[in-house]
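Each chain, letter by letter, is given below.
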Amino acid sequence: MDRGESHSAAICKLCGEAFTLSEDDIPGNLPRVLLCGHIYCTFCLQSLECDSVIRCPECEVESTLPEGQVYGLQEDSRIIGLIYTTKINKMKRCDKSKNRKKNKASPSTDTHVSSDMEQPADIEKIQKTVDEALAQAAETLAQLVHIHETLTTGLEEQVKREVARLEMEIKQAADKALHAVQNWKDAQMSQLTKLETKFSSSQAAVRHIQERIKALEIAMQMARKVRRVPFLEQYCILDKVLETLQAPVDDQLIDMKCITMGTGMSCVFQLECLNGNLALSLKMEVSDPKDLAQSPPKSYLPGRFGRKSHLKRPDGRNSRCIPRSDKIHTPPKQRQQSPRANSPSSRGSSPSPRARCRFNLSRHSSASDLGSPDVIIEDFLDEGQALPPTGPELASDKLRINRRRKHQFSAIKRSAVTQWVVVTHIVNPSQFYVQSVAERRESEILSDKINQLCSGDGCSFTVKDTVETESLIFVKWNEGHWCRARVVEVLQKGSLEPVKTCAVTQLASIRVFFLDHGLTKSITINSEDGATEASLSAVNNQLRKVGRAVKNDLAHFAPMVIRCSLKDLVPYDVTKGWSKEAQVEFRNVVGSAAVEMRPLGQDRESLLVDLRKAPMEQFSSSVFISIREYLVFIEVARFYSPVTLSRKPLLYYPPVYPKINSKISAMVSHINNPANFYINLVDNMEFMLFSAKLQEFYNDLALLEEDKLSIYCPVIGQSCVARLDDKLWYRAQVIGHPGGRKVEVQFVDFGNRKILSVSDLRKIKNEFFALPARAINCCLSDVIPVDGESWTDACTNRFISLANQKLVTIIATGQGPKSEPLPVKLFQGEVNEPLTNIAELLVKEELACFKESLNPKNAWPSGDDSAIWDPPLEVGLATGLVDVPDQIISGNQKEDPLEPQLKLPAQLKDLKVRVCHVNSPSSFYVRFAQYDSQLKRICELIKQECAQIEPQDVEWKADMYCAALFNGVWERAQICSDVTSSDSAEVRLCDHGKMMKIDVSNLRPLPSSLIGSLALECTLHDIRPAGGRSTWSNTACDSFSYYLTGASAVMTIKELTDERPVPVTLFCSNRMGEFISIADFLLSEGLALRQRKPSNINVQQPKDMDPPSTVREVQNKSETETSCPSVPVISFPFQSSTVSGHMPPKPAPRSIMTAEKVKTSLYQPPELPCLGHIQISISAVGEDGLIYVRTQNAGYQLEQLKERIQQSMKALPRQKPYTWKSVLGCAVIGPDMLWYRGQLLEVLGGHVKVQYVDYGLVENIPVVHVYPILLCDDVPQLCMICQLLGINPVGGKWQQDAVALMREVLLNRSVDMNVVELPADPRGPVTVELFIDGLSLSRILCQHEHASVDRTVLPDKRLTVMPTAPVFDVWDINTEGLRDPEELMLGSFTYPNLQQEGEHFKVVVKHMCTPNELFLWPLEGTAHVKVNGESLDEALTRINRNIDTLPQLGNFPEGGPCLAEYSDGKYYRARLMKFISAEPVTLLVQHVDFGSDDTLPTSKLRQMPAELLEFPCRALKVKVAGFKAPSVTREENVLPYSPKWSMKAAMEMIDLLHKKITASVVVQEPELTVLLYSEDGELVHLPLVTKGLAELE
């Protein structure tokens, strides 16, 4: 350490004074270390100490002092040692200087005596010293000259290198600028295609005209239907239809100037050149739109739109445009009971609309459909307009005005907006009532309020009271439940005719309409005798009156139901009206569950809607059930106007079509005629397993969940599963509705169609969409019917006898659109027999004929000519790889010897292979074409050896070979991992490369003579993943797999090593017959990049020329030798001179390299700390939520380790190819080009995933930056892994936002850690608690809802709470003017005085949290408290009238009083609890007079007048003694915030508390505990204990 460093280290950074040691009795100013790691002198720390806590001036971390206060803090031994060393050195220097002075002084006395004698000796000594200095100077001069020459030469070379580098960078920068400008140009030009969206006014005008045209066309269709069927006039408003038909075009509402306006966009170019800096700016600016032309287009004829309408409104205004107003026209009040109550006479169009914007909106709500809801809905719901009544009995202006301000219709302010509702009452599909799910809370509040009003005698009828029609009363719904209703009809005793007014004592019966249910009910008043008191008692038993005060109190509660009607729906028989079956079916399908309501318009007092029932969530094929479509489907209703069904059900994947001109085996599944039949390809056995799984699932489901998968209303095109007469299930698709509750379906895997009952259909599970449809629609190519028009029955029957349900061979001759049949040639023939063309047979039998210009000789050759058939070269070149049928090969072929193991040929170029399995471009498997026959023989031998062997109890280990039964075929496989307790083993098919799990019962030991593999794992040479990724993207893998799986290709091995995969180049034929490089294809698609190559590679030239390509030899051989087995002919581009330019690149010289096998061990595990609190620093937080920490001692060791590593690694080790499988510990060159210790986690192609063992960070870095060596292996890992105690992450794993929060809070910080539990494995995670400034990290995560507390943690290991360190800073800040002088700091609320313990007093339950945690209001002594002559209710009423005069709350102390708005719009006293969110700012408040909590924004909080604090709180939180939650509960529904209590117990307790109860105080400290008694003096909680819902305490 140099002097500067020692000087700065020995000085306190805070006061600048030097540290001093203690001397004698003088105390020293020693350096001391805080918990955060910062060091200050003792005097500074004493000045900072406050209440035994010191806050660090640098990082503000608080440190709690030990018993000795500041002197108890740890001293910094490093600085003390430095001070001591400096002091010792200073003392030594002083001693030396004294000795020198003494030596100089002692010979001075003899100077005069001996000066003359020593003079010659001094001269000789001086000369010698000078000579030595001159010699040394000469050497120094020579060195300086050499250094100067070296620097001069190096400077010249340096300048040359910089010039070359800068020239290249300038050129590259200019090229990049040109490229960026071109990209900008292309991007802007592409945006011009979307310029149409900028003309919103013109598009709105076009849409308006289109809507007007559509509405007019629909109105015309409706008018024609009414003209033919007069009964339909009952279901529409004819005058509205006529108004639509007769409405002319008004050019004043059509702004034709909109098509003359521009977008206001312009391109701006700016250039700045200053001091050698060139700045270009290209940008698109947007300004105000300008006129493109001064006049409208020539096609615009204003005279055509200038005609006046002959239809005038009663007030003289034109009906085409109604000006905007605050009220809409209210239709006249209808009669209370329509003579057509059971008919849809109330159906019709929406009321007269208003021109809301620039255009006249559609007036034809009754004619619109699901695709285009009426725009008029938006008009009549504007603020300030009246809403339609919920029924004919509710046509009251007051209710409409009150209802207008509620959010009942707010969800339908925009067309096509839906909301969830519950159907409360059904008259018929044209008249039913719904209640919004969002208003359930408001409905409960209203119900509680009504029940509270009716529980007393304040609303009882008296002898003087009367009952009038249209008046509002309360009616008993059931025992203890009252509802409000409107009187519809009154019958007086002794009278058969209804009267308008009747005395309550003379009331015989009454018919009422329930405003909140939609039900009309007749109530008969039965009295035992005719006495007045008896009659009055009978009336009060069922009815209650609504006084003026009560009516005003309930005025803001609008009716809770809306009257609705299913739009465009009429009875199936309009002459008979709605049937009882329609009502029953409507009720059955809707039930009591919530349904989705989609508003479509308004008709008089009904809202026109469509209801849709939600499907099951686990089936994506399920669609919403439209109630309208369901009623139409079951033929109890029908549409009377055109309706567009906008639903698009999920469809199956289309079938996989065969390649053109390739021979495929297939099964003909269904035949309609020779031009329309279906086939199934038989190239795999996957469908067999798929079908078995389908039967298993739906046969079991028929007994378990049949109702959940039932289909009520099939939609055209809907995918489903259908059951046939054989009781089997098949995949199908709905294609028609023949009527009679039947559907026509087509079976997508076979092609046949059938009409089935809807009861035979089920929803299809998602997993059964995995396979595409199997049936391929085909037609016989080259033939047509004999008459040229239609196929005869004889021809179809003959075709069925030849091919139906038979195995045939097909060759696709073309490929048209998917909607058309695939033209194919069909061949039949038994094994070892020649194939017969079925089309030729039909022609020979004169059942069909060939198309014109076709010769039968051009068809597939018959069996007689098969022996001499040989495909011409042109056919092979055009089709790529052609598999020649086996029967055309003549002659005997000697069987080759069996080769179970793959042997690479000597020639590594132009190898014909078939890609058998694909993982990614870096890992795929191929099989050489010459091994196809070997594979068949091997499979046959394995079947002979293993098929008859019973399953054996074999201990399967990794890398063991076995025989596996897969899809009915025995194949060779290799075990991937040890099979322990599971019944399945993960194996790799040796001859395919595919990994899969197979049941161990399908495994057999493989004979040693058959052990081997014919599949070679390969990787594409010279490419890497695009986008800077270390792994291939899913898109690249999917595209690579799509084109190559099962394809034939030509492969060249670039470098043969012992490692797998082998680098290769791959060429495949495209549709044009040209061979392309797969690597080039991935490059052109942007899915890959070229591999980076070093610029200084010396390529060794081969001594001999490469051998000629074997492809031409194979081609020539296939032309001349027809008796040998058929070899696939590959259409190489260089076989023809016309395409020789596409020759694959010549491969580079190959050299066989062997990777060096290296094995390293892990670094030593970290040293674990002892249990208890320690200070640590956080270095990393993993994606899995693990936290990597270092102790303070480890931090010191890390600095020494870094210096030691950098000194030991002076040069880079030699890079070699290594086998990384056995490498664990390694050395890593970090991004800062420094060495670090690492651990290898995974190899990812050219990258590896490593973890820095001393930091915990995980990175993907290039493999060239990793070396399989250990650095300082004697030093253990300095970073240990920690996990938090007692919390579980949400969702079972840590989410990204939770990890981001932990990183933001923890990284690079020194925190306090409580070690709770040490792991058995020292490399495992340590269970800890972390505290940040006294706050537990676990509680922070739980507060932000990233985790939840683990209740299973033992009590002795639960979270410990560290006291929050007090703030010791004292800031002298002037707050004058910062606080509003009007906002007073109020005190806290007061509580009423309770009775003595054991005394009973009456209480009212205000709120219940759990059955044993309540909020009570003692009535005695607090019920009539008045301040300044008014009660609390009167004071709150007065304040609410002038609530706008109270300022909003600006100070938010915890527990502070305020006024908070409740859901009824009034303000009540509340207490601030805590902040809930910061954006937006919301707070949790508690209503002190009710006990309930609410989360409100600051805009709903007001400053509370001080006078309200004088009233005691009306809600006291108490604990009810005597019972507790049951230890074991069988109830499924529990309280979410207190799972130990069931919902049933809470509801039972609520019923028990509704009665008159008394309480007695048991204890007041520490928690107010009471006992509750019923009217009979019994404990309230005893019924809960009796029913098993609670236990005695």
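Here the structure is shown first, and the text comes after it.
This section reports on the structure supplied with the text.

Thresholds applied
- Residues numbered from 1 in each chain as written.
- Predicted model: local features only at pLDDT ≥ 70, side-chain atom pairs only at ≥ 80, totals over all residues.
- Heavy atoms only, no water.
- Helix = DSSP H or I, 4+ residues; strand = E, 2+ residues; numbered from the N terminus.
- Buried < 20%, exposed > 50% of the residue type's maximum accessible area, 1.4 Å probe, protein only.
- Contact = heavy atoms within 4.5 Å.
- Areas by Shrake-Rupley, 256 points an atom, 1.4 Å probe, with all protein chains shown as cover.
- Pairing = 2+ DSSP bridges.
- Phe/Tyr/Trp six-rings, centres within 6.5 Å; stacked < 30°, edge-to-face > 60°.
- Arc of directions from axis to C-beta.
- Salt bridge = Lys/Arg side-chain N within 4 Å of Asp/Glu carboxyl O.

## Quick look at the overall build of the protein
Here's step 1: Assigned secondary structure in the protein consists of 27 helices and 78 strands.
Here's step 2: Counting every position in the protein, which comprises 1593 residues, the buried fraction comes to 41%.
Here's step 3: By sequence separation, contacts in the protein at least 24 residues apart represent 66% of the contacts at least 6 residues apart.
Here's step 4: Entry remark: accessible area of the protein is about 90100 Å², with carbon and sulfur atoms responsible for 52%.

## Considering the sheet that holds strand β55 (residues 1235-1244)
Here's step 1: Spatially, five strands are ordered β57-β56-β55-β54-β58 in an open sheet, and the strand pairing comes out antiparallel. Here the strands that pair on one side only, and so sit at the sheet edges, are β57 (1258-1262) and β58 (1266-1267).
Here's step 2: Sheet topology note: the strand β54 (residues 1225-1229)/β58 ladder contains two bridges and is antiparallel. Looking across to β58, one finds that Val1228 is bridged to Val1266.

## Some remarks on the packing of aromatic side chains
The description of an aromatic ring pair rests on the distance of the ring centres and on the angle between the ring planes.
Here's step 1: Per the counting criterion, the structure on display carries 23 aromatic pairs.
Here's step 2: With a centroid separation of 5.7 Å and 35 degrees between ring planes, the pair formed by Tyr698 and Trp729 is classed as tilted. In this pair, Tyr698 sits in helix α14 (residues 686-704) while Trp729 sits in strand β27 (residues 729-739), placing the two residues 31 residues apart along the sequence.
Here's step 3: Judged by its relative accessible area of 2%, Tyr698 falls in the buried class.
Here's step 4: For the ring pair Tyr1236 and Tyr1255, a centre distance of 5.6 Å and an interplane angle of 80 degrees mean the geometry is edge-to-face. With a gap of 19 residues between them, Tyr1236 in strand β55 and Tyr1255 in the loop between β56 (1247-1252) and β57 connect regions that are remote in the sequence.

## As for helix α12 (residues 580-590)
Here's step 1: Along α12, the residues that are buried comprise Ala582, Gln583, Glu585, Phe586, Val589 and Val590. Mapping the buried residues of α12 onto a view down its axis gives an arc of 170 degrees, with all of them on the same face. Pointing more than 90 degrees away from the buried face of α12 are the exposed residues Lys580 and Asn588.
Here's step 2: Where α12 is buried, its residues meet β8 (419-428), β9 (431-436), β18 (562-566), β20 (595-603), β21 (606-613) and α13 (627-633).

## As for the pattern of salt bridges
Opposite charge on two side chains permits them to pair, given that their charged atoms come into close proximity.
Here's step 1: Per the counting criterion, the structure on display carries 31 salt bridges.
Here's step 2: Where Asp1274 meets Arg1204, a salt bridge forms, and the shortest distance between an N and an O atom there is 3.2 Å. Residue Asp1274 is found in the loop between β58 and β59 (1280-1284), and its partner Arg1204 is found in helix α22 (residues 1192-1208); the two are separated by 70 residues along the sequence.
Here's step 3: Between Asp1254 and Arg1237 there is a salt bridge whose closest N-O contact spans 2.8 Å. On the criterion of sequence distance, the pair formed by Asp1254 in the loop between β56 and β57 and Arg1237 in strand β55 is long-range, its members being 17 residues apart.

## Thoughts on unusual backbone geometry
Here's step 1: Look at the link from Arg1060 to Pro1061: it is a cis peptide, with omega at 10 degrees.
Here's step 2: Looking at the secondary structure, you find Pro1061 in the loop between β46 (1048-1053) and β47 (1062-1069).
Here's step 3: With phi around 55 degrees, Asp51 is a residue other than glycine that occupies positive phi space.
Here's step 4: Inspection of the secondary structure assignment puts Asp51 in the loop between α2 (42-48) and β3 (53-55).
Here's step 5: Judged by its relative accessible area of 60%, Asp51 falls in the exposed class.
Here's step 6: The backbone phi angle of Asp959 is positive, close to 75 degrees, even though this residue is not glycine.

## Concerning the sheet that holds strand β30 (residues 761-762)
Here's step 1: On the basis of which strands lie adjacent, the open sheet formed by five strands has the order β29-β28-β27-β26-β30 and antiparallel pairing. One side of each edge strand has no neighbouring strand; the edge strands of this open sheet are β29 (753-757) and β30.
Here's step 2: As defined by bridge partners, strand β28 (residues 742-747) adjoins β29 across five bridges and the pair is classed as antiparallel. Among the inter-strand pairings, Glu744 is bridged to a residue of β29, identified as Ile755.

## Remarks on the pairing of β20
Here's step 1: Taking burial as the measure, the nine residues of β20 include nine buried ones, the bulk of the element.
Here's step 2: Two elements, β8 and β20, share three bridges in a ladder whose sense is antiparallel. By the bridge assignment, Val421 is partnered in β20 with Val595.
Here's step 3: The turn linking β20 back onto β21 is made up of two residues, and Arg604 within it adopts a positive phi angle of 50 degrees.

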